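Listed here are the chains, written in short residue letters.
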Amino acid sequence: MKRPVAYIAGTGHAVPRRVVTNDDIAAMGLDTNDAWIVERTGIRQRHLAAPDETLTSLAAQASRQAMEQAGVLPGEIDVIVLGTASPDHLLPATAVEVQAALGCSRAAAFDLGAACSGWLYSAIVAESLIAGGSADTVLVIGAEKLSSIVNWKDRNTCVLFGDGAGATVLRRARGGHRGILSSYMRSDGALTQLLWRPAGGNVEPLSPEVMAEGRHCIQMAGREVFKHAVRSMAEATDRALDAARLTANDIDLLIPHQANVRIIDATAKHAGIPPERVFVNVDRYGNTSAATIPIALNEAIQQGRVKEGSTVLFAAFGAGFTWGSLVVRF
Ligand SMILES: CC(C)(COP(=O)(O)OP(=O)(O)OC[C@H]1O[C@@H](n2cnc3c(N)ncnc32)[C@H](O)[C@@H]1OP(=O)(O)O)[C@@H](O)C(=O)NCCC(=O)NCCS
């Protein structure tokens, strides 16, 4: 495939109205405090959705911005790919509800399950659909309402996550140098139990016992996940740079998955990218899983840190495990 095949024509993001600080979480009766959370994760606050702020409504809000910025009408979207681990319903895909909310009358729509790598995987799938001739314009969304699947009694996990949505419009590149220059994605399902929801699916359906024990919520072996995240994100940045035949010096901005500022720092250090060329907003949103990268990208564009000609390295890691990377020229 001769790249670039697809470029990012527009971006948008949406987060819930309510901001919850670390002190607010401690005030919920949990044995935690602001100093611990900031020191170990870099997180200071997160946005948590109200019942009327559904995954569909957040994703649609982010998508409208992205489509407006791209100058694309709803009827021009060929496919909607929504990376998420927290759909509004188990059936059908939330992407279909987004399709209806936006009035994308011609669009195919499906969800993609790759946890925190969800947007990155979705962008690579979108590029492939464009390369294969199935689509010219693809709406690629990363969106989560993790507050619905977090155990609010478990301090090991609940302080880490937040809700939000980010959207991007990918379009067929017609000559020029703008677009996806390289990509990389991998998985390792041997370690699923380090970060998962043990019950609530087919193997152990929802029951009063499951609900009482919170076994339908996210469980994580934080220290183990941390090690794998650092290793895999480092590998991912190496592979995407190699494939694009670029070095760290060519990268204007690293936009990594936002789970923990210490993982971000380790990734940047490995890649040889100085802090001033690394985007961080985990302090304000926590880990919004599939949504972190497209939210960060939209903010980076709004802040003028990504502009025409910028070369951006993206790296993601999530439950599965899944991980991957992209180099994109804007
Ligand atoms: C979860 C994470 C922040 C924990 O940080 P850590 O430095 O590894 O901390 P540890 O697991 O070593 O735990 C240290 C202590 O803090 C305690 N602790 C855990 N959560 C706490 C909280 N919210 N408040 C206060 N103390 C807490 C632990 O119980 C442990 O106590 P112990 O030493 O008495 O057993 C970190 O491991 C992490 O970010 N992991 C990866 C998370 C991630 O990226 N997940 C998503 C992947 S996409």
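> Account for the pairing of strand β11 (residues 253-256), naming residues and giving values.
Residues L253 and I255 of β11 are buried on one face, and the alternating residues L254 and P256, pointing to the opposite face, are buried as well. Judged from the four bridges that link them, β11 and strand β12 (residues 311-318) form a sheet pairing that is parallel. By the bridge assignment, I255 is partnered in β12 with F314.

> For the nonpolar core, give the residues involved together with the corresponding values.
Counting 109 residues, the largest nonpolar core has A59, I80, A126 and I141 as its most contacted members. When residues in this core are grouped by element, the largest group, nine residues, is from helix α5 (residues 118-131). Both of domain 1 (6-172) and domain 2 (179-329) provide at least three residues apiece to this core. For A126, the contacting residues outside a window of four places in its chain are A6, V79, V81, V138, V140 and L170.

> Just give me the short version of the environment of A229, but keep the residues and values in it.
Mapped onto the fold, A229 is located in helix α8 (residues 222-244). C-alpha separation for the pair A229 and A143, spaced 86 residues apart in sequence, amounts to 20 Å. Contact partners of A229, with chain neighbours within four places excluded, come to A259, I263 and F317.

> Describe the domain arrangement of the protein, with residues and values.
Buried accessible area, meaning the area lost when the parts come together, often serves as the stated size of an interface. Under the domain assignment used here, the protein contains domain 1 (6-172) and domain 2 (179-329). Computed over C-alpha atoms, the centres of domain 1 and domain 2 are 14 Å apart. Going through the elements one at a time, β1 (6-14), β3 (45-48), α5, β6 (137-145), α6 (155-158) and β7 (163-172) are the ones with two or more residues in the side of domain 1 that touches domain 2. For the side of domain 1 that touches domain 2, the element with the highest residue contribution is α5, accounting for seven residues. Partitioning the side of domain 1 that touches domain 2 into residue classes produces 22 nonpolar, 19 polar and seven charged.

> Report on the site of the ligand, specifying residues and quantitative values.
Near the ligand there are 21 residues, and of these T32, G222, F226, A259 and N260 occur at the shortest range. Sorting the residues of the shell around the ligand by element identifies α2 (34-41), α6, α8 and β12 as the ones contributing at least two each. For the shell around the ligand, the leading source of residues is α8, giving five residues. Among the residues making up the shell around the ligand, the classes are represented as eleven nonpolar, seven polar and three charged. Mapping the shell around the ligand onto the domain boundaries places at least three of its residues in each of domain 1 (6-172) and domain 2 (179-329).

> So what's going on with the environment of E224? Residues and values would help.
Mapped onto the secondary structure, E224 falls in helix α8. With 13 C-beta atoms packed within 10 Å, E224 lands in the partly exposed category.

> Would you mind going over helix α3 (residues 55-70) in detail, with residue names and values included?
Three or four residues apart is the spacing at which side chains of an α-helix point the same way, because the helix has 3.6 residues per turn. Look at α3: 22 Å from first C-alpha to last across 16 residues, which is about the 22 Å you get at 1.5 Å a residue. Buried within α3 we find L55, T56, S57, L58, A59, A60, A62, S63, A66, M67 and A70. Among the structural elements, β1, β4 (79-83), α4 (94-102), β6 and β7 are those in contact with the buried residues of α3. One or two positions beyond α3, positive phi appears at G71, with a value near 70°.

> An account of the packing of α8 against helix α9 (residues 261-271) is needed here, citing residue identities and associated values.
Two elements in contact, α8 and α9, have axes separated by 9 Å at closest approach and are oriented at 35°. Our pair here, α8 against α9, has a crossing hand that is right-handed. Facing F226, A229, V230, M233, A234 and T237 of α8, the residues of α9 in contact are I263, A266, T267, H270 and A271.

> Help me get a handle on the packing of α3 against α4, residues and values and all.
Their axes nearest at 9 Å, the elements α3 and α4 cross at an angle of 55°. As the angle between them shows, α3 and α4 are arranged oblique. Here the hand of the crossing between α3 and α4 comes out right-handed. Side by side, α3 and α4 meet where L55, T56, A59, A60, S63 and R64 of the first sit next to T94, E97, V98, A101 and L102 of the second.

How each quantity is defined
- Residues numbered from 1 in each chain as written.
- Predicted model: local features only at pLDDT ≥ 70, side-chain atom pairs only at ≥ 80, totals over all residues.
- Buried ≥ 20, exposed ≤ 12 C-beta atoms within 10 Å, placed from the backbone.
- Helix = DSSP H or I, 4+ residues; strand = E, 2+ residues; numbered from the N terminus.
- Pairing = 2+ DSSP bridges.
- Core = buried A, V, L, I, M, F, W, Y, C linked by C-beta atoms within 7 Å.
- Domains from an automatic or database assignment.
- Contact = placed C-beta atoms within 7 Å.
- Nonpolar A, V, L, I, M, F, W, Y, C, P; charged D, E, K, R; others polar.
- Near = placed C-beta within 6 Å.
- Expected span 1.5 Å × (residues − 1).
- Axes fitted to C-alpha atoms, helices over the stretch in contact; angles between N-to-C directions.
- Left-handed = near helix turned anticlockwise from the far one by under 90°.
- Parallel < 35°, antiparallel > 145°, perpendicular 65-115°, else oblique.

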